[in-house]
Each structure stands twice: as C-alpha cells, then as structure tokens.
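Listed below, chain by chain, are the residues.
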Amino acid sequence: PKSNPATLEKPLRTSRPHNSRRHLKATITGQEERKMSEPRVEKEERSVTTNVTQDEHERLVQPSKSQNHVANFATGFSFAAQAIIAVCAIIMVGELATLVSFAYTDPEQAAPSAPTQIIIGGGGTPNVGGQPTSPTEPVDPNVPDSLPPLINRGTNVCAGKRIDIPNAQCIVAEIEAVGPQAGANVTAGYQGDMEVPYQPLTDPYYTKGLCPVNVHWHLGAEHLSVGEFDLNGTGPTVGADTLDGGIRQGNLCHHYNETDVKFTKPYDWKHCVLMEVGQTYEVHWPHSSAGACGTPNQFQTPFYDGVFCNLDAETLGTLSPQDIANNVGVQAQVFTVVNDETYYWPDLLRGMIVDGEMGTDVAKYTGSTTGDSRSNEICSSYTPITWQVDRKCHLVSASTFDQLCYDMKKQRDDMSGDLFPHGSRETVSDNLAPNNYNRFLRG
C-alpha cells in the first residue's frame, strides 16, 4: 500500500458509616407491670393525705381491670407481631432462594442477553445503553426457523425511488473523469493522490439525521487494511478469483485457522444464502438523510431506493458535492465468520458494532458506491459520499449473520436480494482515492 508520510493522518482526540437500627423486644408480664407501676403508686401515695382509707389504699396500689386488659393486649400483640415477622422472614428467604435459583440458569439454555449499546453502531437511533457486549459463555441464539405469518406488509413508499446514474470511464484523456472512489486503502497513515475540495462527514451519522436504509455484504473485504484484511489473508477458499457463479472475492482477514474447529465446522444456515464458516465478509450499512427514517419503509433493497426515498433527481442536481457527502454515507466493518456462539451479536441490522475493539479505529473519507461492476477502469458515478470504515477485522458467529438475515426478511420491503454476499471491487488505485482521509480513535 502507498503511504504518504507528508500527509499522515493525525489521531483525533477525539463515608459516613451506616448505622443499623436495633429492635428491642420484651414481654411484659403482670408482675413486671406491677413493678413498673409501684414507683408511680408510691409517688401518688406521697401526694395524698394521711386520711386514706384501706379501700382507697387498695384501689391505689392494685392495677385496675382496664390496666390488666392493656397488659394482656400488649403481651398478646407482642407475640402476634413476632409471629408475623417470623412468617415474613420465612417467605422472604424462600423468595430469595427462588430468585437465586432463577438467576443461575444454565448459560447454554438462557436466551442471549441484550447488549449494553449496539452503539449498535453510529447508525440510526443509538441504543441508550451503548454497544452490544459479546457473551463470555456460549449461548444458544435460537434463530427462528421461519417467519410468523404476515397478513399485510403495507405500502412501500420507497419502491422505485432509485435515481439511475450510470457508471463511467475512470480516466478520459489521461484525466480522472469521476470523483473519488471506494473501497480504497484504509491503512492508518494512507492518503490518496486525488485532490478534492470537500471533506467526509466525521460525526456519527445518527447525530446528523442520517439513518441506515439497507444492509448488505461482500465476499471478502473491498477495502484494504494492511495486517488486518489484505492479499496475505487466509480463508477456506484463499486464492480463488471468482466464487459462487462469478462474483469476485476481495481481501481476506488473518484469523482463519484450519486446525481450529470453529473456523471449519459447518453451520446449518436457516436464512442466509451462499455463506461459509471461516470466510471473510465486509458488511455495508448505507445511510441517508433522505431515507424513510423511523418508519416501516426505512430498510430497502436495492439500497438506492432507501437513499433516494425522499429525494428526486431535480433536487439532487442542485446539491453541491459537500452537500452530498454530508447527507449520504456508508459504514463498513469486516468480519471472519466462526461457528462459535461466544461471538454471537443479536443485532447487526442497524449499523456498525461499536464496543471494545470494534469500531475503535475508523477511517473516514469520501468515496463512491462499490461492487464488482466497478474497477479501476469503470468507475461509479455515485460520488462523493462519506465512508466510515473500521480498520480492524473481527470474529462474529454464523448465527449472528443468520439472525441478521431473519431480521431482513421481516422488513416491509423484500430484501431477499441482499441475503447473500455480493462481489467485491478491486482495491481502488491511488489516483482514484482522495487526499481527505480522517482518522478517528475511540477510547
């Protein structure tokens, strides 16, 4: 990969003790009551005259019947209170034991806990709790076998909203005839040779009103990150130029280990098509401020319908290149698929995973749409759009992708055209990559 030291990216920077209450309990007997009353009686006796009769004396020193009733009531109430407290204590202990037993469920049988935020990613509406956290123990993701019956999918208001802009020759008369292209080299420190007067959107997309309008993935990585996904990576089909009926394979990650069963054990796919354990895939989440954000029509196949849902060709023609880069973007993240539920993530629909090392080192630049219909001779005219690409390759379970495909099937639009990997574009040459790379470091 080309490295331009003069234009290397710069990292963005971007007690008081508790007092317990004591409960004193005592049973007051008739004798104790009399002992307590004697000082009072003696005090009363001192206050009377010496002419007190015998009957009056007995009346003064003996407790009345009402006093005996009070003493007996106090005694009975004390025993009753103690009995109630004992019963409550037994119930509480039993409930606590039940809760402890319930909490200690076998992790292989427990449903996967919701992550603490996806974000799910910087795309769409962020999860308040942060990004998903991978379980520390294997779990059964319980991906459903089939969809529930759907009575009415409703009206897809984004259908057919794609604005067609045909591919074009990249070079005409030895001059770049198009804007900057993707997927390019995203190795830390890299800058392309194409000088451009605009900048990528560096903030998380959701903070600027962009939402994810599609999710799809490519066989191999379209981008290049030396040491993470490149020409020296390995996989179950390493070295093949075309797979699955002619689609092109991109760069590969370095995780694959043929002696480790999680990279080789087949997975029983329920919803995704033509997927393979051990393989590298680059996932794309196209975003747009003109999408049907927050509605049942948000996710679309093809993704162009989602990008242009609320934008017509006439309005598009009035936008500057910077306007386009500010309102259309793609998130990209590269994975190696393993058959190991330790790497299960419950939501891959809404955007890039941002948690731990995921989404920590992100390259941001302006590029184009991709796919193997484009090359360094035939370029995309959908440019410039912002790209935010995770430079690292991560492990993810096959069930994570299968859950994603299941979620895609539940959308109002028919997303069956994105349930399988698409071909990868060859890495963009230096002269077609821009000189506006920004590096984002989280943490």
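A. Region of the structure containing the pattern of salt bridges. According to the stated counting rule, one finds nine salt bridges in the structure shown. Asp145 serves as the salt-bridge partner of Lys270, at 3.2 Å between the closest nitrogen and oxygen. Of this pair, Lys270 sits in the loop between strand E9 (252-253) and strand E10 (280-288) while Asp145 is found in the loop between helix H3 (65-103) and strand E1 (168-169), placing the two residues 125 residues apart along the sequence. Exposure remark for Asp145: the relative accessible area of 59% places this residue in the exposed category. With a closest N to O distance of 2.7 Å, Arg350 and Asp347 form a salt bridge. Residue classification places Arg350 among the partly exposed positions, given a relative accessible area of 24%. A relative accessible area of 15% means that Asp347 is categorised as buried. Bridged by salt links that share partners, the residues Asp361, Arg391 and Arg439 form one connected network.

B. Representation of the state of the cysteines in the model. In total, this model carries five disulfides according to the counting rule given. The residue that forms a disulfide with Cys170 is Cys379, at a sulfur-sulfur distance of 1.9 Å. Judged by the sign of its S-S torsion, about 110°, the bond between Cys170 and Cys379 is right-handed. Pair noted here: Cys170 is in the loop between E1 and strand E2 (171-172) and Cys379 is in strand E13 (residues 378-379), with a separation of 209 residues, a long-range link. This pair shows no difference in class: Cys170 is buried, exactly as Cys379 is. The side chain of Cys211 participates in a disulfide bridge whose partner is Cys293; the two sulfur atoms lie 2.1 Å from each other.

C. View of the confidence of the model for the protein. Counting all residues, the mean pLDDT for the protein is 77, and 65% of those residues have values of 70 or more. Below pLDDT 50 for its whole length, residues 87-136 participates in 92 contacts with residues either more than four positions away or in separate chains.

D. Fine view of the side chain of Arg425. Residue placement: Arg425 occurs in the loop between helix H7 (398-409) and strand E15 (438-441). Buried and without a salt bridge, Arg425 has Glu426 as its closest oppositely charged side chain, separated by 6.4 Å. Of the polar contacts made by the side chain of Arg425, one reaches the backbone oxygen of Ala182; its length is 2.9 Å.

The rules behind the values
- Residues numbered from 1 in each chain as written.
- Predicted model: local features only at pLDDT ≥ 70, side-chain atom pairs only at ≥ 80, totals over all residues.
- Heavy atoms only, no water.
- Salt bridge = Lys/Arg side-chain N within 4 Å of Asp/Glu carboxyl O.
- Helix = DSSP H or I, 4+ residues; strand = E, 2+ residues; numbered from the N terminus.
- Buried < 20%, exposed > 50% of the residue type's maximum accessible area, 1.4 Å probe, protein only.
- Disulfide = S-S within 2.5 Å.
- pLDDT = per-residue confidence, 0-100.
- Contact = heavy atoms within 4.5 Å.
- Lys, Arg positive; Asp, Glu negative; His and termini not counted.
- Polar contact = N/O pair within 3.5 Å; in protein donor to acceptor, adjacent residues only side chain to side chain.

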